[in-house]
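Listed below are the residues making up each chain.
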Amino acid sequence: MNDFRADLHIHTICSDGTDLPLEILHKAKEAGLSGLSITDHDTTEAYTPELFFEAAQLGLSLLSGIEISSDFGDATVHILGYGYDIDSPPFKAFLQEMQERRMKRNRVILEKLKKKNIFIEEEELIAFAKKGRKEKTIGRPHIAELMVQKGHVPTRQTAFDLYLKEGACCFAFGFKYDPGEVIAKIQEAKGKAVLAHPHFYKKGAFLKKLLSFPFDGIECYYGNLAKELEIPWVAVAKERGWIATGGSDYHGAMKPYIYLGASYVNKETFDLLFKKSP
Ligand code: AMP
Ligand code: ZN
Ligand code: FE
Ligand code: FE
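None of these values were measured; they are calculated from a predicted model.

Cut-offs and rules
Residues numbered from 1 in each chain as written. Chains lettered and ligands numbered in written order. Predicted model: local features only at pLDDT ≥ 70, side-chain atom pairs only at ≥ 80, totals over all residues. Heavy atoms only, no water. Core = buried A, V, L, I, M, F, W, Y, C linked by side-chain atoms within 4.5 Å. Buried < 20%, exposed > 50% of the residue type's maximum accessible area, 1.4 Å probe, protein only. Helix = DSSP H or I, 4+ residues; strand = E, 2+ residues; numbered from the N terminus. Contact = heavy atoms within 4.5 Å. Pairing = 2+ DSSP bridges. Axes fitted to C-alpha atoms, helices over the stretch in contact; angles between N-to-C directions. Donors = N, O, S within 2.8 Å, 3.2 Å for Na, K, Ca; no water. Tetrahedral: all angles 85-135°; square planar, octahedral: opposite > 155°, others 65-115°. Near = heavy atom within 4 Å. Polar contact = N/O pair within 3.5 Å; in protein donor to acceptor, adjacent residues only side chain to side chain. Areas by Shrake-Rupley, 256 points an atom, 1.4 Å probe, with all protein chains shown as cover. Nonpolar A, V, L, I, M, F, W, Y, C, P; charged D, E, K, R; others polar. Left-handed = near helix turned anticlockwise from the far one by under 90°.

Asker: Teacher, can you tell me more about the nonpolar core here?
Answerer: Nonpolar side chains in soluble globular proteins tend to end up buried together. L36, I68, F91, L210 and I218 are the most contacted members of the largest nonpolar core, which totals 51 residues. For this core, the element with the most residues is helix α3 (residues 89-115), which contributes four residues. Setting aside anything within four residues of it in sequence, one finds F91 in contact with T44, I66, I68, Y84, D85, K185, I186 and A189.

Asker: How do you make sense of the sheet that holds strand β8 (residues 243-247) when you look at a structure like this?
Answerer: Strand pairing within a sheet occurs via backbone hydrogen bonds; the two strands may be parallel or antiparallel. Across the sheet, which stays open at both edges, the five strands sit in the order β4-β5-β6-β7-β8 with mixed pairing between neighbours. Bordering the open sheet on either side are β4 (65-72) and β8, each of which pairs with just one other strand. Between one strand axis and the next, the sheet turns by 40 degrees as a mean value, whatever way the strands run. Sheet topology places strand β5 (residues 75-82) next to strand β6 (residues 192-195); four bridges connect them, and they run antiparallel. Bridge assignment links G81 to a residue of β6, and that residue is A193. Here helix α10 (residues 267-274) sits on the sheet in contact with β5, β6 and β8, set at roughly 105 degrees to β8.

Asker: What is the right way to read unusual backbone geometry from this model?
Answerer: Of all residues except glycine, most have a negative phi; of all peptide bonds, most are trans. Of note, the phi angle at H197 is positive, near 25 degrees, even though the residue is not glycine. Relative to the assigned elements, H197 resides in the loop between β6 and α8 (205-210). Given a relative accessible area of 4%, H197 falls into the buried group.

Asker: Would you explain the coordination of the zinc ion (ligand 2) in this entry?
Answerer: For a metal bound by four donors in a tetrahedral arrangement, the ideal donor-metal-donor angle is 109.5 degrees, while six donors in an octahedral arrangement ideally sit at 90 or 180 degrees. Every protein donor of the zinc ion (ligand 2) is accounted for by D16 (OD), H41 (NE2) and H251 (NE2), and the metal-donor separations fall at 2.1 to 2.2 Å. Here the zinc ion (ligand 2) is ringed by four donor atoms whose angles at the metal span 89 to 132 degrees, and the overall shape comes out tetrahedral. In primary sequence terms, the donor set of the zinc ion (ligand 2) follows D-x24-H-x209-H. Metal-to-metal, the separation of the zinc ion (ligand 2) and the iron ion (ligand 3) is 5.6 Å. Pair noted here: D16 is in the loop between β1 (6-7) and α1 (21-30) and H251 is in the loop between β8 and α10, with a separation of 235 residues, a long-range link. A single burial state applies to D16 and to H251, both of which are buried.

Asker: What is the right way to read the side chain of T269 from this model?
Answerer: Within the fold, T269 resides in helix α10. Accessibility expressed as a relative area gives 14% for T269, which makes it buried. When residues no more than four places from it in sequence are discounted, the contact partners of T269 are I243 and A244.

Asker: Would you mind going over the site of ligand 1 with me for this structure?
Answerer: Close to ligand 1 lie D16, H41, R102, R105, G139, R140, P141, Q157, F160, K165, H251 and K255. A distance of 3.1 Å is found between a nitrogen atom of ligand 1 and a side-chain nitrogen or oxygen belonging to Q157. A distance of 3.3 Å separates an oxygen atom of ligand 1 from a polar side-chain atom of K255. Contact with the protein chains hides 79% of the accessible area of ligand 1, taken as 500 Å² for the molecule alone. The set of elements that each furnish at least two residues to the shell around ligand 1 consists of α3, α5 (140-149) and α6 (156-164). Per-class residue counts for the shell around ligand 1 are two nonpolar, four polar and six charged.

Asker: Quick question: what am I supposed to make of the coordination of the iron ion (ligand 3) here?
Answerer: Ligation of the iron ion (ligand 3) by protein atoms is provided by E67 (OE), H78 (ND1) and H197 (NE2), these donors lying 2.1 to 2.2 Å from the ion. Sequence spacing among the residues donating to the iron ion (ligand 3) works out to E-x10-H-x118-H.

Asker: What am I meant to see in the packing of α3 against α5 here?
Answerer: In helix packing, the relevant descriptors are the interaxial angle and the interaxial distance, both defined with respect to the helix axes. α5 packs onto α3 with a crossing angle of 35 degrees between their chain directions and a minimal axis gap of 11 Å. Considering how the two elements wind past one another, α3 and α5 form a crossing that is right-handed. Contacts between α3 and α5 involve R105, N106, I109, L110 and L113 from the first element and R140, I143 and M147 from the second.

In short, shape yes, function no, at least from these values alone.
Shown next as structure tokens:
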């Protein structure tokens, strides 16, 4: 019981990771994890009946998860959702809308790149990112990878630093919904809404406003984050009665320096998230 570890932040090929959902299960087992949640960007595509079946076969506890993008002031804020009802029609419709918003946003980014003499067609990006998959969340990491492949930049990181990161010349907003609205969508689907990687965001007034939204939890344990940097977020969780969650943000070969299980939660926390909200 004491050595139960669950990694609650994992990306697959359904968004910008490089492993198949089923591969993640086997890697989680090899890593000695007892539970996990796959949290692809703006999609629940990984959660097929086969995934739940295989998880049960392997003796792994699998919690429904997602990472949803929101627009807040001049920043994008990521919100994790756990334990939501996968079949909720309004939640599904919301995610469909998010996919459409994403494609619009991708188009704006490609237009901006064009002005910098970097020519990528929308169809080219879709074909490159999907590699034959039917559904997939496409975003900046795929644009960055294609820019490398076409020889415009030496690395994906350079693509972000020079063109795609927040504030760079070719960045675009486009998710529309603010954190409060995304939290409501998750909670309406009986899920728990968790502020992802809070240490990434600007401090001061921005953070104060962000922490005033009605989250159920906050991601205190993250990737390879140093122990002492977790402490302030654990204090925030305690103060507000929020669940302190954690996970690696594993993306496979997309972020090779992050391994599965780099951060995790115990059984007690996992069960709190697993319990359906009323
Ligand atoms: P998107 O969903 O299109 O906004 O892309 C978000 C993803 O891009 C994140 O999950 C990260 O994997 C990656 N990303 C975001 N910002 C950066 C950055 N500054 N440098 C490298 N990767 C980034
Ligand atoms: Zn990502
Ligand atoms: Fe994120
Ligand atoms: Fe993530």
